[in-house]
Amino acid sequence: MPTEAPAGVAGSSGGAARGSVVITGASAGLGASLAVAYAEPGRVLGIVARRSDALERVAALCRARGAEVVSGVLDVTEGAELEAWLRIFDAGHPLDLVIANAGLFGGIGADGLLEAEAEVAALLAVNLKAAIVTANVAATLMRARRRGRIALITSLAARHPLADAPAYSASKAGLSAYGEALREWLADSGVGVSVVLPGHIDTAQTALQKGVLPDLMSPESAARVIKRGLDRGRSTIAFPVHLLWLIRLGRCVPWRVRAWFGRSLRFTVDDPPSF
Ligand SMILES: NC(=O)c1ccc[n+]([C@@H]2O[C@H](COP(=O)([O-])OP(=O)(O)OC[C@H]3O[C@@H](n4cnc5c(N)ncnc54)[C@H](OP(=O)(O)O)[C@@H]3O)[C@@H](O)[C@H]2O)c1
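This structure is a prediction, so every number in the text was calculated from the model and none was measured.

Conventions used here
- Residues numbered from 1 in each chain as written.
- Predicted model: local features only at pLDDT ≥ 70, side-chain atom pairs only at ≥ 80, totals over all residues.
- Pairing = 2+ DSSP bridges.
- Helix = DSSP H or I, 4+ residues; strand = E, 2+ residues; numbered from the N terminus.
- Axes fitted to C-alpha atoms, helices over the stretch in contact; angles between N-to-C directions.
- Contact = placed C-beta atoms within 7 Å.
- Expected span 1.5 Å × (residues − 1).
- Buried ≥ 20, exposed ≤ 12 C-beta atoms within 10 Å, placed from the backbone.
- Arc of directions from axis to C-beta.
- Core = buried A, V, L, I, M, F, W, Y, C linked by C-beta atoms within 7 Å.
- Near = placed C-beta within 6 Å.
- Nonpolar A, V, L, I, M, F, W, Y, C, P; charged D, E, K, R; others polar.
- Right-handed = clockwise from strand over helix to strand, strands pointing away.

A. Representation of the sheet that holds strand β4 (residues 97-100) within the structure. Ordered by their spatial adjacency, 7 strands build an open sheet running β3-β2-β1-β4-β5-β6-β8, and the pairing between neighbours is parallel. Every interior strand has two partners, whereas the edge strands, β3 (68-73) and β8 (236-239), have only one. This sheet shows a mean twist of 15° between the axes of neighbouring strands, independent of strand direction. As judged from the 5 bridges shared by strand β1 (residues 20-24) and strand β2 (residues 44-49), these two strands associate in the parallel manner. Bridging from a neighbouring strand, T24 pairs with V48 of β2. Lying over the sheet, helix α2 (residues 52-64) contacts β2 and β3, oriented at roughly 170° with respect to β3.

Below, the structure is given as structure tokens:
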């Protein structure tokens, strides 16, 4: 029988070993809070991002909490480099949980123009392609051992596409669809897949969003909700739950009615430095 660890982290039920966890996009925001939430004695954390100084600050926080930390300073859109890093990490610390979290936000700016080609390409490269590569490598390695969990950080925008961030919404809807497909493909393999759909989190991404941000939560609270869901082996972790229900309700009415009710939530997006 497959032995999928309920917490997605082998050894979490006892003993000194707390398993190994890799988090991409861990230099800031939600990823940094997830790294700190998982940091404890006996845990090996692999944290990945481009900014070495920011990543090192997160590593120091995690080490202070007793975790062993391996930093990977790399761009997740460099697929071969990402795969090589994951394989080397796995050889030393077999992967128990991989969280594909690295992401970019973008949308329609004050000029009212749709996203430029370079912005669309960057959003899809980081939010969709790199997350798929991360999950594919993890799935291959975990499947051979018949245990592990992969978490994909998507967004409630996957369920309620945002008129003011169409390409971003498409990237997250694509990743959510990929996660559901991968979960079924891995059924009975001992490897679980969790699709995570958060609402607004107070990070550099929401700082770009000019408009109302209903139910904005701290990255620490969001990390707690996600960790609790992963510990329970949930296949879908969508929150805040009342927003999810509003979205479900909204899908039952014609799109113009949905758009009319949502008009006070329209926003513009400042260009992030990387576009
Ligand atoms: N904030 C929200 O309201 C919200 C809501 C729903 C979902 N999410 C999702 O949650 C995830 C985390 O977002 P956040 O809000 O924490 O944003 P953030 O504060 O901007 O953090 C993004 C992280 O991704 C990393 N990253 C970006 N591009 C990368 C690349 N090419 N290679 C490696 N790392 C890269 C960044 O590190 P470097 O810059 O150092 O590379 C950073 O650590 C994203 O997938 C986002 O879409 C956020």
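Right, picking up where we left off after that structure.
B. α2, seen in detail. Under the 1.5 Å per step criterion, the end-to-end length of α2 is 18 Å for 13 residues, consistent within 8% with the ideal 18 Å. Taken together, the buried positions of α2 are L55, V58, A59 and C62. The buried residues of α2 occupy an angular sector of 105° when projected down its axis, which confines them to one face. Set apart from the buried face of α2 by more than 90 degrees, the exposed residues are D53, A60 and A64. Where the residues of α2 are buried, they touch α1 (29-38), β2 and β3. A positive phi of about 105° marks G66, the residue just after α2.

C. Quick look at the nonpolar core. By size, the foremost hydrophobic cluster in this structure holds 73 residues, and its most contacted members are A26, L34, A35, L45, I47 and L152. By residue number, the principal contributor to this core is helix α4 (residues 117-145), which donates 10 residues. Residues within four places of L34 in sequence aside, it is in contact with I23, A26, I99, N101, A223 and I226.

D. Representation of the site of the ligand within the structure. The ligand sits among 29 residues. The nearest are G25, G29, R50, R51 and G103. Of all the elements in the fold, those that place two or more residues in the shell around the ligand are α1 and α6 (204-207). A breakdown of the residues in the shell around the ligand according to their chemical character gives 14 nonpolar, 12 polar and 3 charged.

E. Summary view of the pairing of β2. Summarising burial for β2: 6 of the 6 residues are buried, a large majority. Alternating residues of β2 divide into V44, G46 and V48 and L45, I47 and A49, and every residue in both groups is buried. Where β2 and β3 come together, 6 bridges link them in parallel fashion. By the bridge assignment, I47 is partnered in β3 with S71. Handedness of the crossover joining β2 and β3 through α2: right-handed.

F. Up close: unusual backbone geometry. The step from F239 to P240 runs through a cis peptide bond, and the omega angle for that step is -5°. The residue P240 is located in the loop between β8 and α8 (241-250) in this model. Phi is positive for R146, which is not a glycine, with a value near 60°. Its location among the elements puts R146 in the loop between α4 and β5 (148-153).

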